[in-house]
Amino acid sequence: MAATNALQRKETRFPGSDGTITIPIEGMTCASCVGRVERALKATPGIAAASVNLATERAEVTFSGEPDVAGVVRAIESSGYAVRGETTELAIDGMTCASCVGRVEKALARLSGVTSATVNLATERAHVEYVPGALTLGDLVAAVEATGYEARPLTDNAPADIEGERREAETQGLRRDLLVAAVLTLPVFVLEMGSHVVPGMHHWVMTTIGHPQAWYLQFALTSLVLFGPGLRFFKKGVPALLRGAPDMNSLVALGTAAAYGYSLVATFVPSVLPQGTANVYYEAAAVIVTLILLGRYLEARAKGRTSEAIKRLMGLQAKTARVLRDGEAVEIPLTEVQPGDVVQVRPGERVPVDGLIVEGSSYVDESMITGEPIPVAKSVDAEVVGGTINKTGSFSFRAEKVGADTVLAQIIRMVEQAQGSKLPIQAIVDKVTMWFVPAVMAAATLTFLVWLVFGPDPALTFALVNAVAVLIIACPCAMGLATPTSIMVGTGRAAEMGVLFRRGEALQALRDVNVIALDKTGTLTKGRPELTDFVTVNGYTEDEALALIAAVEARSEHPIAEAIVGSARKRGLSLAATETFDALPGFGVSAIVEGHRVEVGADRYMTKLGYDVSDLLPAARRMAGEGKSPLYAAIDGKPAAVIAVADPIKPTTPDAIRALHGLGLKVAMITGDNGGTANAIARQLGIDEVVADVLPDGKVNAVKRLRQGGRAVAFVGDGINDAPALAEADVGLAIGTGTDVAIESADVVLMSGDLRGVTNAIALSKATLRNIGQNLFWAFGYNTLLIPVAAGVLYPTYGMLLSPVIAAGAMALSSVFVLGNALRLKSFRAPVPIGAQEGRLGTPHPVPAE
């Protein structure tokens, strides 16, 4: 590893022998751009020379002193251009507590060229944004290793299964070490503690084994525990202590070394100790190691369970694909499928990758994406998504997106990114934990001195035992796990419900939202015009009138005409040919259909023609009151029907609005419709506020207006036309179905087109933040309460001391409690269930046998 890193650092151009770095720049188009950037760079303090190249879109910057890449980036951005950064993820091995996290983050953030670095204890990953011309991956890895941890870059090529295997190996290693430690510790514990608990045990030990021999046996077994399974604490803790950056391992190493070292002196050179203080604490050292290994093992198992959502998502991927090669179907691994390959899918099989059907037809179960239980008909030119299940027929499709570009891979990547992110509340935790371990060491030293000076005889014994108890009880593992484990489980559960948090921070922001602003078209409504109302008079039946009206409208390309024609075809009506078609702009259209004169248009058209439509007025007024625009039809000079074409409200929208109101939220609608139509829809749905007559580029201002008064606004839109508003809102929720998952402007993506997913996302956000609050209360409250107890504050009043053995058990259980509490989120139930109860995202269907 060291040789590889050295080689990588030689290849980097930062820092050069002359202090020069290369920065990639985006947005330059001409020579004036080059001049603008060069002037901004040369005006930056600390830069000796700067040269910008338009062809390569790079800047060569030479520093006169210590390189300041952040200053270079600010100078480029202030001149109106962007620095092309890169992001990477590193797997970090060896972190055990929150102070480890802070130390790794600081080491990465100190690198000149790193713009941001976040480290997650639960996922054991670091997410780093950096300037590629300023440093390399080797520099990032070396910075982590310099702090005493191991790092390796993660790629998109299947990180989840590799990491899963590594975590499983780690868990098995901990289990083995725990068993060895327990077997060796049990005799030590029985020999020492049994003599105090079991009558006659002390006499039996003295007469059969002997006092010195019993201590020698305890020494031998404890040495095997400390320098066998327990060696990990010394290998990590002592170097960290020598670097002046102690962590949890340092606390354990100090505590066990103190107990073990004191016992060694009492066993082999007792004469150097004050009279009456020659006692041994081998059992404390051995039991502490065993109990902490138990806690680590339970932690590792629980961590594995927190990432089960990712495992289930990975399980949705097919392992192989049947691809046509040289005219024959060949079974190949999924990783070998290339864009353009023709893939065959048989009944019951999973679709391997994303693509377009080129032959055959079938029904495909897409519930893992949309949550809808009914299979979707697919034929030539239809899109299919990898991971969905072919139900009945067979088909062939051309692979369009493979590997990391598939919808399922994007979903997995979104969940991983959300699980690895930090909430704003974590910043407080990080600040506390960075000084927590040194503070604990200071508290342990103070405890030792106070007991040594003021304690009863034997003061040295009391001082040692209480100082060790303080060191062991205060390990900040629970603090480091409190937030990330809840985020991992919460975002994983959300994915199973069809809610994808693209940013973990949205979990916290969504909880504090006051107003839900909804785009109308495609969000509240289906997003496409449909024939919603049809009333006939003068003896015409609906089918008879609709066939004639649709025949006329078939000559028009207007969306309203398409809706009328589409409705007729759904009813199976045949459309006759038309004669003498005539369109009167602003009024309507007319034509001769099978000998009948048919005229369709607005009320002013009927007035112009001199027709009396009084019989249709009640129905027309009702339609207008519902925000629809009625159209009239006359056949052979007599009014025949009034119809309304509108973008219909989704059947689930009223329930969604009621559910949002049930959460105490205000609901607003943003639409380009006129005020009358918008208010009619708002009255129908019970929407609180309406922002109407909004142009496509005016939604951002609408969100800003709704935010007035200090209100937090979540905007819900379709994720494409609404991108600026999604980005402007405190939380942007994109309603996306099928392949519309890579919506960069949204914080949250609702895989189903069902608006009720917003309610579920908010409810899960609140549940997750409550869970985090419980974890933090326990983690901080536990340490705040028990450190003074371990120091012995209860002894003067109650004669009570906390044994280091009890302290070790309590510390281990603290982390297990936090993890167990986070795992309760796995049982979170959506307040408004959507679609099928099974077959949701992340819940694999059974695949029929071939």
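Within any chain, residue numbers begin from 1 and follow the written order of that chain's sequence. In keeping with the model being predicted, local features are shown solely for residues with a pLDDT of at least 70 and side-chain atom pairs are shown and tallied solely at 80 or more, while totals for entire chains, interfaces and linings include all residues. For side-chain calculations, the full set of non-hydrogen atoms in the structure is used, while hydrogens and water are omitted.

1. Here's the deal with the pairing of strand 25 (residues 638–646)
The two faces of a sheet get side chains in turn, since along a regular strand they alternate between them. Each residue's exposure class comes from its accessible area (1.4 Å probe, protein chains only) as a fraction of the maximum for that residue type: buried when under 20%, exposed when over 50%, partly exposed otherwise. Counting from the N terminus, the helices are the DSSP runs of H or I reaching at least four residues and the strands are the DSSP runs of E reaching at least two. Of all 9 residues that make up strand 25, 8 are buried, and the element is covered over most of its length. Examined bridge by bridge, strand 24 (residues 630–635) and strand 25 share 6 bridges and lie antiparallel to one another. Residue pairing for strand 25: leucine 631 is matched across the bridge by isoleucine 643. Connecting strand 24 to the next strand, strand 25, in antiparallel fashion are 2 residues, including aspartate 636 with a positive phi near 55 degrees. Think of it this way: DSSP has to see at least two bridges between two strands before they count as a pair.

2. Here's the deal with the sheet that holds strand 1 (residues 20–26)
Within the open sheet, the 4 strands sit side by side as 2-3-1-4. Their pairing is antiparallel. The two strands at the open ends of the sheet, each matched to only one other strand, are strand 2 (47–53) and strand 4 (82–83). Here 6 bridges tie strand 2 to strand 3 (residues 58–63), and the two strands are oriented antiparallel to one another. Paired with isoleucine 47 across the two strands is phenylalanine 63, which belongs to strand 3. Contact definition: two residues touch when any of their heavy atoms are within 4.5 Å. Inter-axis angles, ranging from 0 to 180 degrees, are taken between N-to-C directions of lines fitted to C-alpha atoms, where helices are fitted over the stretch in contact. Across the sheet, helix 2 (residues 31–42) touches strand 1, strand 2 and strand 3, and the angle it forms with strand 2 is around 165 degrees. Running at roughly 30 degrees to strand 1, helix 3 (residues 69–78) makes contact with strand 1, strand 2, strand 3 and strand 4 of the sheet.

3. Observations concerning the nonpolar core
One recurring pattern in soluble globular proteins is that nonpolar side chains are buried together. By size, the foremost hydrophobic cluster in this structure holds 131 residues, and its most contacted members are Leu108 and Ile516. The leading source of residues in this core is helix 28 (residues 756–791), at 16 residues. Sequence-distant contacts of isoleucine 516, defined by excluding residues within four places in its chain, comprise Leu660, Leu665, Lys666, Val667, Ala668, Ala714, Val716, Val758 and Ile762. Core analysis: the second largest hydrophobic core is formed by 27 residues, Leu531, Ala551, Ala633 and Ala640 among them. Here the nonpolar core consists of buried residues drawn from Ala, Val, Leu, Ile, Met, Phe, Trp, Tyr and Cys, with membership extended through side-chain atoms lying within 4.5 Å.

4. What to know about the sheet that holds strand 20 (residues 530–536)
Taken together, 6 strands build an open sheet; the order of strands is 20-25-24-23-22-21 and the sheet is antiparallel. The open sheet terminates on both sides in strands that have one partner only, identified here as strand 20 and strand 21 (578–584). Each strand of the sheet is rotated relative to its neighbour by a mean of 20 degrees, with strand direction disregarded.

5. Notes on unusual backbone geometry
Each neighbour pair has its own omega, and for aspartate 457 with proline 458 the value is -10 degrees, a cis peptide bond. Within the secondary structure layout, proline 458 lies in the loop between helix 15 (424–454) and helix 16 (459–473). Positive phi values are uncommon outside glycine, yet asparagine 538 reaches one of about 60 degrees. Tracing the chain through its elements places asparagine 538 in the loop between strand 20 and helix 20 (542–553). Judged by relative accessible area, which is 43%, asparagine 538 ranks as partly exposed.

6. Overview of the packing of helix 24 (residues 653–662) against helix 28
The geometry of helix 24 relative to helix 28 is characterised by a closest axis approach of 8 Å and an angle of 25 degrees between their N-to-C directions. In terms of their interaxial angle, helix 24 and helix 28 are classed as roughly parallel. Once helix 24 is placed against helix 28, the crossing between them reads as left-handed. Contact with helix 24, carried on its side by Asp655, Ala656, Ala659 and Leu660, involves Arg756, Val758, Thr759 and Ile762 of helix 28 and no other residues of that element. For this classification, Asp, Glu, Lys and Arg are treated as charged, while Ala, Val, Leu, Ile, Met, Phe, Trp, Tyr, Cys and Pro are nonpolar and the rest, including Gly, are polar. Residue composition of the contact of helix 24 with helix 28, by class: 5 nonpolar, 1 polar and 2 charged. Roughly parallel refers to an angle under 35 degrees, roughly antiparallel to one over 145, roughly perpendicular to one between 65 and 115, and oblique to any angle outside these ranges. Crossing handedness is read from the near helix: turned anticlockwise from the far helix by less than a right angle, it gives a left-handed crossing, and turned clockwise, a right-handed one.

Treat this as a map of the structure, not an account of what it does.
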